[in-house]
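As a plain string of letters, each chain reads:
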Amino acid sequence: MNQTTSSTSPWSPLSITTFRWLWLATLVSNIGTWMHEVGAGWLMTTLTTSPVIVALLQTATSLPAFFILLPSGALSDILDRRLYLMSGIIGMCVVAFAIAAMTLFGLINEWSLLLLTLLLGIGAAMIMPTWQSIIPEVVPRTELQSAIGLNTLGMNVSRAIGPLIAGQLIAYAGIGAVFVCNALSFIFIITVLARWKRVAPETTLPPERFNHAISTGLRYAKHSPALHATIYRSIGFYFFASVMWSLLPLIARVLLEGDEHTYSYLFSSISIGAIGNALLLPRWRKYMNNDQLITASAIVFAIGMSITALVHNHVVAILALSLCGAAWITVMTCAQMSAQTALPNWIRSRGMAVFLTFFMGSLGIGPIVWGSVAELTDLPTAMLIASIGLVLATIFSRRWPL
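What you are looking at is a predicted structure, and each value in this text was computed from that prediction instead of being measured.

Rules used throughout
Residues numbered from 1 in each chain as written. Predicted model: local features only at pLDDT ≥ 70, side-chain atom pairs only at ≥ 80, totals over all residues. Heavy atoms only, no water. Helix = DSSP H or I, 4+ residues; strand = E, 2+ residues; numbered from the N terminus. Rg over C-alpha atoms; globule rule 2.2 N^0.38 Å. Buried < 20%, exposed > 50% of the residue type's maximum accessible area, 1.4 Å probe, protein only. Contact = heavy atoms within 4.5 Å. Expected span 1.5 Å × (residues − 1). Salt bridge = Lys/Arg side-chain N within 4 Å of Asp/Glu carboxyl O. 1 Å grid on protein atoms, 1.4 Å probe; cavity = no way out; pocket = protein on both sides within 12 Å on 5 of 7 lines; lining within 4 Å. Points joined across faces, edges and corners; volume = space filled by probe spheres on them. Core = buried A, V, L, I, M, F, W, Y, C linked by side-chain atoms within 4.5 Å. Phe/Tyr/Trp six-rings, centres within 6.5 Å; stacked < 30°, edge-to-face > 60°. Lys NZ or Arg CZ within 6 Å of the ring centre and 35° of its normal. Axes fitted to C-alpha atoms, helices over the stretch in contact; angles between N-to-C directions. Left-handed = near helix turned anticlockwise from the far one by under 90°. Parallel < 35°, antiparallel > 145°, perpendicular 65-115°, else oblique. Nonpolar A, V, L, I, M, F, W, Y, C, P; charged D, E, K, R; others polar.

Chemist: Just checking my understanding: could you explain the overall build of the chain for this structure?
Modeler: Check the secondary structure of the chain and you find 15 helices and zero strands. Since a compact globule built from 402 residues should have a radius of gyration of about 21 Å, the 20 Å found for the chain is in line with a globular shape. Considering only C-alpha atoms, the chain reaches an extent of 60 × 50 × 40 Å along its principal axes. Within the chain, the proportion of its 402 residues that are buried is 59%. Residue pairs at least 24 apart in sequence account for 86% of intrachain contacts in the chain once pairs closer than 6 positions are excluded.

Chemist: Could you clarify how one ought to interpret helix H4 (residues 81-104) in this entry?
Modeler: Quick reminder: α-helices carry 3.6 residues per turn. Residues three or four places apart thus point the same way. When the terminal C-alpha atoms of H4 are compared, their 35 Å separation across 24 residues agrees well with the 34 Å that a helix rising 1.5 Å per residue should span. Note on H4: the residue one or two positions beyond its end, Gly 106, has a positive phi of about 70 degrees.

Chemist: For this particular structure, what's the right way to read the pattern of salt bridges?
Modeler: For side chains of opposite charge, pairing can occur when their charged atoms come near one another. Under the criterion given, the structure shown has one salt bridge. Close ionic contact of Arg 233 with Asp 291 constitutes a salt bridge, the shortest N to O distance being 2.4 Å. Taken together, the positions of Arg 233 in helix H9 (residues 225-241) and Asp 291 in helix H12 (residues 290-310) put the pair 58 residues apart, joining distant regions of the chain. Both residues of the pair, Arg 233 and Asp 291, count as buried.

Chemist: Got a minute to help me understand the environment of Tyr 287 in this structure?
Modeler: For Tyr 287, the location among the structural elements is in the loop between helix H11 (260-284) and H12. For Tyr 287, a relative accessible area of 64% gives the class exposed. For the pair Tyr 287 and Met 332, spaced 45 residues apart in sequence, the C-alpha separation works out to 18 Å.

Chemist: Would you explain empty space enclosed by the protein in this entry?
Modeler: Which parts of space are left empty comes out when a probe the size of a water molecule is rolled across the atoms. Evaluated as defined, the whole model comprises three cavities of 30 Å³ or more. Around the largest cavity sit 44 residues that line it, and Asn 30, Trp 34, Ala 124, Met 128 and Met 155 are the ones nearest its centre. Contributions of two or more residues to the lining of the largest cavity are made by helix H1 (17-47), helix H2 (51-62), H4, helix H5 (110-138), helix H6 (144-172), helix H7 (175-195), helix H13 (314-341) and helix H14 (348-376). Its boundaries defined by the atoms lining it, the second largest cavity holds a volume of some 140 Å³. Lining of the second largest cavity is provided by 14 residues; of these, Glu 37, Leu 57, Gln 58, Trp 245 and Tyr 263 occupy positions nearest its centre.

Chemist: Explain the nonpolar core here, please?
Modeler: Within soluble globular proteins, side chains that are nonpolar generally end up buried alongside one another. Counting 121 residues, the largest nonpolar core has Phe 19, Trp 131, Phe 237, Met 244, Leu 248, Phe 301 and Trp 328 as the members making the most contacts within it. Among the elements that line this core, the one with the most residues is H1, at 13 residues. Beyond its immediate sequence surroundings of up to four residues, Met 244 is in contact with Ile 270, Phe 301, Met 305, Leu 321, Cys 324 and Trp 328.

Chemist: Before we go on, may I ask you to explain the packing of aromatic side chains in this structure?
Modeler: Two aromatic rings, taken as a pair, are described by how far apart their centres are and by the angle between their planes. With the rule as written, the count across this model stands at 14 aromatic pairs. A ring pair is formed by Phe 237 and Tyr 238, whose centres lie 4.9 Å apart and whose planes are at 85 degrees; its orientation type is edge-to-face. Both residues of the pair, Phe 237 and Tyr 238, belong to the buried class. Seen in terms of ring centroids, Tyr 238 and Trp 328 are 4.8 Å apart; in terms of plane orientation they differ by 75 degrees. Their pairing is edge-to-face. Highlighted residues: Tyr 238 in helix H9 and Trp 328 in helix H13, separated in sequence by 90 residues. Residue Trp 328 is classed as buried on the basis of its relative accessible area of 3%. Above the plane of the ring of Trp 42 lies Arg 253, whose end atom (NZ or CZ) is 4.1 Å from the centre.

Chemist: Please clarify how the packing of helix H10 (residues 243-255) against H11 should be interpreted in this entry.
Modeler: Describing two packed helices takes the angle between their axes plus the distance from one axis to the other. The geometry of H10 relative to H11 is characterised by a closest axis approach of 8 Å and an angle of 145 degrees between their N-to-C directions. Like other packed secondary-structure pairs, H10 and H11 cross with a definite hand, here right-handed. On H11, the residues touching Met 244, Trp 245, Leu 248, Pro 249, Ile 251 and Ala 252 of H10 are Thr 262, Tyr 263, Leu 266, Phe 267 and Ile 270.

Chemist: Looking at this model, I keep getting lost on the packing of H9 against helix H15 (residues 379-397). Mind explaining?
Modeler: Where H9 meets H15, the closest approach of the two axes is 8 Å, and the angle between their N-to-C directions is 175 degrees. In terms of their interaxial angle, H9 and H15 are classed as roughly antiparallel. Note on element contacts: H15 touches H9 through Ala 386, Gly 389, Leu 390, Ala 393, Thr 394 and Ser 397, opposite Tyr 232, Arg 233, Gly 236, Phe 237 and Phe 240. A class-by-class count of the residues in the contact of H9 with H15 yields six nonpolar, four polar and one charged.

Next up, the structure:
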């Protein structure tokens, strides 16, 4: 850790050199990632109109985490976290260049796009617990909540900027250019990690073996009521809320009869709503605790999704989806903070891996369900069923307070 600060400002972690550079590098990389998401989603709608196959793109991104996160969390706790991160990101960079090359040369189809997206999902799952775990290494505990908030804010800033850039690039340079930009965005973060002089936290515990590390992580998670509550509340929200990301390309193309600009505007409106609410979240915390915030967010999300399903108007959809983005960021921040504070450093990667396994599993399985419902019925019906289910699941999961 380069320096500490006693400030309570939400921006104070940026005064810590290591955190600042990692945050900037992550911001650039995430802009590329969200550009890729828009490009891949729009490309898939040009390759097929099947809601199931379009939704499978979100599954390919998220579901690998369900199977990989715990082993990757164990490796992160055993190996040097900096080198582990670099290895995973370099692999993702190679896959990103492969997607760009195949698209530019006209070799891509819906199945190869799904396969390469799956490989990117595997890479993201391999490094996800490590990203979560290094935050407490580079900021003091007093700054942890602000650092998590900044990371979440950065994610949503990139989610707002990336789609807007992608929409313009698709219109004027083609989808291949979007994938090239994503591949290049990995280079900055690889450079920052290569220059990071990480000092591993001191520990008196002996090094663990891989299998023992996994079993220890599962055993700790099994006996952690605080982690259980976080997992249950997250599943109750994200399984149903995944309908938004999985069907968003079809909402833009089919429901609103729009083009790539429509899709990028919808994508960005979600993030703009999230950014605005992230800045207001400290104020909400003065009046509501985590349970109340998550419950209120679920209701707001359900209202926004229902309006989008029922009123097929571009402006209304942008405003309604911004409400959904505001709700999404609130639940994500509350859940991450709950999980982080429930875990000691020696097992944090594995504990976060267990939490993220269920989080990403919900985002991976949900799209299959909602894509199938949309194929059997229609888009508005799938969105309304998910909204009703979200409210009911959130009320039921309140029996596990954070």
